[in-house]
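# Notes for the structure review
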Amino acid sequence: MVKNTRVGLGVALWLAAMAGVVILSVTVVPQILARLPHRLPLGVAIAVSMLQSGALVAVAVWAGITLSRPLGLGAPVFEAALSGTGVGAALRPQLIPAAMVGLVVGAALVLLERIAPAELLALGNTYEIPLAAKLLYGRITEETLMRWGLMTVFIWLPWRFLQKRAAPPRLIYVVGGIVSAAVLFGVAHLPAVAGMGAPVTPAIATFVVVGNTVPALLFGYLYWRWGLEAAMIAHALAHLVSVLAGAA
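Here goes a summary of the coordinates provided. This structure is a prediction, so every number in the text was calculated from the model and none was measured.

### Some words on a nonpolar patch on the surface
A contiguous nonpolar surface patch, about 440 Å² in accessible area, is contributed by Leu171, Val175, Val179, Val183, Leu184 and Val187. With respect to the helices and strands, Val187 occurs in helix 7 (residues 171–187).

### Here's the deal with the nonpolar core
Leu9, Leu13, Phe78, Trp148, Tyr223 and Leu228 are the most contacted members of the largest nonpolar core, which has 37 residues in total. For this core, the elements supplying multiple residues, two or more each, are helix 1 (6–33), helix 2 (42–67), helix 3 (76–83), helix 4 (87–115), helix 6 (131–161), helix 7, helix 9 (202–226) and helix 10 (228–247). Apart from the residues within four sequence positions on either side, Leu228 is in contact with Leu13, Gly74, Ala75, Pro76, Glu143, Arg147, Trp148 and Tyr223.

### A short note on helix 3
Every α-helical turn comprises 3.6 residues, leaving residues that sit three or four positions apart pointing alike. Looking at helix 3, one finds that the buried residues are Val77, Phe78, Glu79, Ala80 and Leu82. Where helix 3 ends, the next residue or the one after it, Gly84, has phi of about 80°, a positive value.

### Digging into the packing of aromatic side chains
As enumerated under the stated definition, the model contains four aromatic pairs in all. For the pair Trp148 and Tyr223, a centre-to-centre distance of 6.2 Å together with 55° between the ring planes defines the contact as tilted. You can see Trp148 sitting in helix 6 and its partner Tyr223 sitting in helix 9, a full 75 residues away along the chain. This pair shows no difference in class: Trp148 is buried, exactly as Tyr223 is. Judged by centre distance (5.9 Å) and plane angle (85°), the rings of Trp156 and Phe161 are edge-to-face. Residue Trp156 is classed as buried on the basis of its relative accessible area of 17%. Judged by its relative accessible area of 46%, Phe161 is partly exposed. An aromatic cluster is built from Tyr221, Trp224 and Trp226, whose rings are joined through pairwise contacts. Between Arg35 and the ring centre of Tyr127, over which it is positioned, the NZ or CZ distance is 4.8 Å.

Thresholds, definitions, all that
Residues numbered from 1 in each chain as written. Predicted model: local features only at pLDDT ≥ 70, side-chain atom pairs only at ≥ 80, totals over all residues. Heavy atoms only, no water. Patch = residues over 30% accessible without salt bridge, like charges linked within 9 Å, V, L, I, M, F, W, Y side chains within 5 Å. Areas by Shrake-Rupley, 256 points an atom, 1.4 Å probe, with all protein chains shown as cover. Salt bridge = Lys/Arg side-chain N within 4 Å of Asp/Glu carboxyl O. Helix = DSSP H or I, 4+ residues; strand = E, 2+ residues; numbered from the N terminus. Core = buried A, V, L, I, M, F, W, Y, C linked by side-chain atoms within 4.5 Å. Buried < 20%, exposed > 50% of the residue type's maximum accessible area, 1.4 Å probe, protein only. Contact = heavy atoms within 4.5 Å. Phe/Tyr/Trp six-rings, centres within 6.5 Å; stacked < 30°, edge-to-face > 60°. Lys NZ or Arg CZ within 6 Å of the ring centre and 35° of its normal.

What follows is the structure, given as structure tokens:
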């Protein structure tokens, strides 16, 4: 049985997040390279993509492992699995809130696809992102980076230096962490949009940032109240709803 230690939890989270990195790299990087006039060898480009993402994931995992517990944050299902006790009991409280958020965000994604700028719709016809990549990268990798890593840091900093570690973090610091991580999550999509060939006009930038920030606020709330896995489940369900609605 794997001991529920910081090292064990860190390894488990890193491996889970890297599954999304690998599948996204091997499916999307070749499509991007095929449209570049001068490009690296495919194997080199995929390796560089995975190494860069793997390092970012490792930093995020370390931050969450080191800082989350004093803040009352955690990954209860991963922790229960590692300790060999009560996975079902850890998961059950997360299911209903995660499902509610996932359905709401999924419906919002369907609506956004109907009103998206034409340049963004064209990207959907140019690049094919498999459902497995959307679920694994969106569900696990992005939540590990943005919630487990970044949001945890944004809450810890004022708790450590302003609140002086006294008592649980104040609500204003929690809200600030949720909002800050969500906004950066939205902004972080802009380089990807530009790299795929869409012009980053003010209208497109606003659409991309707002369209990703609002769901991230809800995912951050789930992480704070119920644990990292609740955010992961909601994120995955939102993508699934969007894809199924598009297929229908």
